[in-house]
There are 2 protein chains.
Amino acid sequence: MKYGVVIFPEKKIQDIANSYRKRYDPHYALIPPHITLKEAYDFDENHLNEATNHLEQISRETAPFEILLHKVSTFHPTTNVLYLAVQESEDIYSLHEQVNSGELFHESSYQFIPHITIGQKLPADEMHDIYGRLRMVNVQLKTRIDRFHLLYQLDNGSWTIYQTFLLRG
Amino acid sequence: MKYGVVIFPEKKIQDIANSYRKRYDPHYALIPPHITLKEAYDFDENHLNEATNHLEQISRETAPFEILLHKVSTFHPTTNVLYLAVQESEDIYSLHEQVNSGELFHESSYQFIPHITIGQKLPADEMHDIYGRLRMVNVQLKTRIDRFHLLYQLDNGSWTIYQTFLLRG
């Protein structure tokens, strides 16, 4: 089964992200706007208990924190993704590193860049056009992070919640 | 903000339900297949703590249980909904009654009938046609219920998870 670990920002920010995703993100209907803490990975259901224990322990030891979404950015030329960028934050890097350790460690060839995707799989010229407009938008969206969620993927590509972990360190 | 309380059955059953929902349910993309424990209701965010405390206490006192989805049924003529019916189960009625009490009590004019919607908002003749075929299908799907979730609705009508409550009574 395929699992992933994500943060959902507060509703106001999800609504803003969706106003872009509706037009620019073919994954719009598969999952609400989110910050990925751990990319989709295949995982044997028999190890689910160990995984949730791992996440539970992290959540017990991590205090809630705030992040600031401060601009629209892009992963071009790596991929044609547009996203709301999270301003440098030790807290979220640390949370990512802890989640991606122990039971859940997987080597990634990508650097972790916390973000909320608002567009993807766009033709290059369309992406440049949209990015040219959105990079001028003044983005200053604070959101408090006090939980994260373990999700699993259904056969149709959409994601269902398995469990919430409340930050209470 | 609009909240709801639901159970997601195990993945296998969600995939089966989605194979119907894809064709027959316009809410297919808004939420994964689920059993509603408490219908969408408007709720002041300031009371969220009391609501989660209420749900937390219920989950502490309720033991996990099994349910059997045993047939395809319909709410016609009340509404043109097709669903996987949950066989009579004291456990799920009791869980519903507890969730819909105290902080979260709302009078409903409908009887609680636990189900997984697989089709809705269908024209009457199409619904009868589909129901005529699906009522002959032999459905025997057991699923263990060991958690429920509090969700909230975004402006586009889709649902995001707020918190999971593990049954551990």
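- Per an unreviewed UniProt entry, chain A goes by Putative phosphoesterase SAMN05444487_101258 and derives from Marininema mesophilum.
- According to UniProt, the comment filed for chain A under the heading Sequence similarities (unreviewed entry) is "Belongs to the 2H phosphoesterase superfamily. YjcG family."

As for the interface of chain B and chain A
Point 1. Taken residue by residue, the interface counts 26 residues in chain B and 26 residues in chain A.
Point 2. Of the roughly 2,000 Å² buried between chain B and chain A on both sides combined, carbon and sulfur atoms contribute 52%.
Point 3. Ionic pairing is found between Asp155(A) and Lys11(B), a salt bridge with its closest N-O pair at 2.7 Å.
Point 4. Seen at the junction of chain B and chain A, the total is 15 residue pairs in polar contact (both at pLDDT 80 or more).
Point 5. Counting only elements with at least two residues in the side of chain B that touches chain A, the list comes to helix H1 (11-24), strand S7 (147-153) and strand S8 (159-166) of chain B.
Point 6. The biggest single contributor to the side of chain B that touches chain A is S8(B), with seven residues.
Point 7. In terms of residue class, the side of chain B that touches chain A is built from 13 nonpolar, nine polar and four charged.

Remarks on helix H2 (residues 48-61) of chain B
Residue and element names in this part refer to chain B.
Point 1. Taking 1.5 Å of rise per residue, the 14 residues of H2 would be expected to cover 20 Å, and the 20 Å separating its terminal C-alpha atoms lies within 8% of that figure.
Point 2. All of the buried residues along H2 are Leu 48, Ala 51, Thr 52, His 54, Leu 55, Ile 58 and Ser 59. Viewed along the axis of H2, the buried residues span an arc of 155°, placing them on a single side of the element. Those residues of H2 that are exposed and aimed more than 90 degrees away from the buried face are Asn 49 and Glu 61.
Point 3. Elements that come into contact with the buried residues of H2 comprise strand S1 (2-7), helix H3 (90-99), S7 and S8.

Let's talk about the UniProt feature "active site" (unreviewed entry) in chain A
All names here are of chain A.
Point 1. Mapped onto the present numbering, the UniProt feature "active site" (unreviewed entry) falls at His 34 and His 115. Separation in sequence by 82 residues is not matched in space for these annotated residues, since their most distant C-alpha atoms are only 8.0 Å apart.
Point 2. For His 34, the position within the fold is in the loop between helix H1 (11-24) and strand S2 (35-42).
Point 3. Classification of His 34 as buried rests on a relative accessible area of 17%.
Point 4. Other than its neighbours up to four places away in sequence, His 34 contacts Val 6, Ile 7, Phe 8, Pro 9, His 115, Ile 116 and Thr 117.
Point 5. Within polar-contact distance, the side chain of His 34 engages the backbone oxygen of Pro 32 at 2.8 Å.
Point 6. Looking at the element boundaries, His 115 is found in strand S5 (residues 115-119).
Point 7. Among the residues examined, His 115 registers a relative accessible area of 15% and is labelled buried.
Point 8. For His 115, the contacting residues outside a window of four places in its chain are His 34, Ile 35, Thr 36, Phe 75, Tyr 83, Leu 84 and Val 86.
Point 9. There is a polar contact of 2.7 Å between the side chain of His 115 and the backbone oxygen of Ile 113.

Cut-offs used in this document
- Residues numbered from 1 in each chain as written.
- Chains lettered and ligands numbered in written order.
- Predicted model: local features only at pLDDT ≥ 70, side-chain atom pairs only at ≥ 80, totals over all residues.
- Heavy atoms only, no water.
- UniProt positions renumbered as here; feature names shortened; annotations may be inferred.
- Contact = heavy atoms within 4.5 Å.
- Buried area = accessible area lost by both parts, 1.4 Å probe.
- Salt bridge = Lys/Arg side-chain N within 4 Å of Asp/Glu carboxyl O.
- Polar contact = N/O pair within 3.5 Å; in protein donor to acceptor, adjacent residues only side chain to side chain.
- Helix = DSSP H or I, 4+ residues; strand = E, 2+ residues; numbered from the N terminus.
- Nonpolar A, V, L, I, M, F, W, Y, C, P; charged D, E, K, R; others polar.
- Expected span 1.5 Å × (residues − 1).
- Buried < 20%, exposed > 50% of the residue type's maximum accessible area, 1.4 Å probe, protein only.
- Arc of directions from axis to C-beta.

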